[in-house]
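# Structural features, examined
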Amino acid sequence: MMQLPLAIALVFLSLVQVSFAGLVESNDVDSYFDVVVVPFKDTSHSNPQTNNIELQKSSVQYKAHHQIGYTPDWTSLDSRPLPSWYDEAKFGIFVHWGVFSVPAYGSEWFWWYWKGAKKPEYEEFMKRNYPPGFSYAEFAPKFTAEFYDPLEWAEIFKNSGARYVVLTSKHHEGYTLWPSKYSWNWNAMDVGPKRDLVGDLAEAIRNSTDLKFGLYHSLFEWFHPLYQQDEKNNFTTRDFVELKTLPELYEIVNKYKPSIVWSDGDQGANDVYWNSTDFIAWLYNDSPVQEEVVVNDRWGSGVACHHGGFYTCDDRFNPGKLLPHKWENCLTIDKNSWGYRRNAHLSDFLSTHELIKELASTVSCGGNMLLNVGPTHDGLIAPIFEERLRQMGDWLKINGEAIYSTVPWTYQNDTFTPDVWYTSSKDGKTVYAIVLFWPQSNVLNLGAPEVSSHTNITLIGYDKDVDIDWVVSPPGIQITLPAKSEVSSDWAWVVRLGNLVN
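Residues numbered from 1 in each chain as written. Predicted model: local features only at pLDDT ≥ 70, side-chain atom pairs only at ≥ 80, totals over all residues. Heavy atoms only, no water.

### Digging into the state of the cysteines
The tally for this structure, following the rule as stated, stands at one disulfide. Put simply, Cys 305 and Cys 313 are joined by a disulfide, and their sulfur atoms are 1.8 Å apart. Between Cys 305 and Cys 313, the S-S torsion sits near 75°, and that sign places the bridge as right-handed. Judged by its relative accessible area of 18%, Cys 313 falls in the buried class. (Disulfide = S-S within 2.5 Å. Buried < 20%, exposed > 50% of the residue type's maximum accessible area, 1.4 Å probe, protein only.)

Pasting the structure below:
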């Protein structure tokens, strides 16, 4: 076949797309080619000037150009020290946004529940509200983002007290929030908002805040015919990875330079199929973010909770105990969905107190907390999400020294009184007791701290220069707090303990 620029090849393929359409129709879903054309792979040539798909053959690049550094195996990759900024940050914001924000019903897994799992409630929702034959692709033009103001988002995130942001560049539906060369007519520039949503937010975050910017990326796509073919072949073929997943990953790293690459969606295929270790080796050795980038642990079946820069293990993972490896608790304000839901009820949202409790228990046990919001299809962060984020920020403005740049203490929670979590300053001179309730009669009993005559105790939000009264009261100490009305903090309170014995 004669050499063709990629764009021409894609147009050519649009004329013969029916050869793959049967793969989709056999699963009784909308034709994937309503929205996307499978990239063309020219196997007769390997010149990177004429075949853009071949640019990111990471295994070839690695062996040819990088003789030192981290090698593409987990033993080597796991030996890389975690960049210190991530552990010090403690708190980040997750943003799930995509075409699923248009139906905004049930979950961001809407397409799969409707056409894959065929859940009756989703089928009935479509029958009630949309004409016969309506396809998921027809939601995309309604993903308008007309009220999307990246600077406003950046201001909200900054004032939440978060230190980093992770945006879904592409979820399992395959729609990319950036103008990807590998997602023709199924990206935010070609259909929907007609703008680079990723680039706009990256610019706003970097220009108006000191937050780190990261990107989530789904390895698989529910209904992509190349993925379905690889799955049918028990993942012995890797066309989807070579033509879609890896090119996209290299594209977002080179273009947007994310400080976090948050991978997801291995869908039962192992890391060899996804070529994960080659990509991460490139990320650590040769990428434009090699010094500061961090990655999670969702790079193939069996990898989660075993390999990666930080572990997520599962959604809403909070072990409640100290772990030997850095980990992250990713959770949603909406308890039932990561994407925006029009059918959510007030009781579905975590309260500010519940969120602070999650943060305290997470940081005490050595983790970071990544808190998710789901914007609307027109680009708004719903008021209830904004309220929660700003209230988190209000609490952290007062009590942040007990969270940021802290390390786990000898005890994670108190040995006598429940709902008290501990952190420590890096130098070990100060211990923070995060108290999730206001004690009866203003008297707090703690069992874990061991005191001496040099110990001093203060309450953050009261007055840094004034010690509060305490006495030894077996099995620990008894602290007398000031009146609650005299303390500026809400939801949870932090007792600062200096010069403890332990």
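What follows continues from the structure just given.
### Side note on the sheet that holds strand S8 (residues 420-424)
Taking strand neighbours across the sheet as the criterion, the four strands line up as S8-S9-S14-S11 in an open arrangement whose pairing is antiparallel. Strands with a single pairing partner mark the edges of an open sheet, and in this sheet they are S8 and strand S11 (456-459). With strand direction ignored, the average angle separating the axes of adjacent strands in the sheet is 20°. Examined bridge by bridge, strand S9 (residues 430-435) and strand S14 (residues 493-498) share six bridges and lie antiparallel to one another. Opposite Thr 430, over in S14, you have Gly 498 as the bridge partner. This element, helix H14 (residues 352-364), spans S8 and S9 of the sheet and lies at about 50° to S8. (Pairing = 2+ DSSP bridges. Helix = DSSP H or I, 4+ residues; strand = E, 2+ residues; numbered from the N terminus. Axes fitted to C-alpha atoms, helices over the stretch in contact; angles between N-to-C directions. Contact = heavy atoms within 4.5 Å.)

### Observations regarding the pattern of salt bridges
With the rule as written, the count across this model stands at 19 salt bridges. Linking Arg 390 and Glu 386 is a salt bridge whose minimum nitrogen-to-oxygen distance equals 2.8 Å. Residue Arg 390 and its partner Glu 386 are located together in helix H15 (residues 383-399), separated by four residues, close to a single helical turn. The salt bridge partner of Glu 387 is Arg 388, with a shortest N-O separation of 2.9 Å. Take Arg 388: its relative accessible area is 10%, and that puts it in the buried class. Here the salt bridges do not stand alone but share partners, grouping Lys 170, Glu 221, Lys 244 and Glu 248 into one network. (Salt bridge = Lys/Arg side-chain N within 4 Å of Asp/Glu carboxyl O.)

### Description of the packing of aromatic side chains
Two numbers describe a pair of aromatic rings. These are the distance of the centres and the angle of the planes. A complete count under the given rule lists 53 aromatic pairs for this structure. Summarising the aromatic geometry, the rings of Tyr 86 and Phe 310 are spaced 4.6 Å apart at their centres and angled 20° between planes, so their arrangement reads as stacked. Taken as a pair, Tyr 86 in helix H5 (residues 84-89) and Phe 310 in the loop between strand S5 (294-295) and strand S6 (327-332) lie far apart in primary sequence, 224 residues in all. In this structure Phe 310 comes out as buried when scored by relative accessible area, which is 0%. It is Arg 80 that lies over the ring of Tyr 284; its NZ or CZ is 4.0 Å from the centre. Geometry around Tyr 404 places Arg 163 over its ring, the cationic atom sitting 3.5 Å from the centre. (Phe/Tyr/Trp six-rings, centres within 6.5 Å; stacked < 30°, edge-to-face > 60°. Lys NZ or Arg CZ within 6 Å of the ring centre and 35° of its normal.)

### Observations concerning unusual backbone geometry
The step from Pro 474 to Pro 475 runs through a cis peptide bond, and the omega angle for that step is 15°. With respect to the helices and strands, the residue Pro 475 is situated in the loop between strand S12 (470-473) and strand S13 (476-480). Unlike most non-glycine residues, Asn 185 shows phi in positive territory, near 65°. Secondary-structure assignment places Asn 185 in the loop between strand S2 (164-170) and helix H9 (197-208). Residue Asn 185 is classed as partly exposed on the basis of its relative accessible area, which comes to 27%. For Asp 419, which is not glycine, the phi dihedral falls at a positive 60°. Tracing the chain through its elements places Asp 419 in the loop between H15 and S8.

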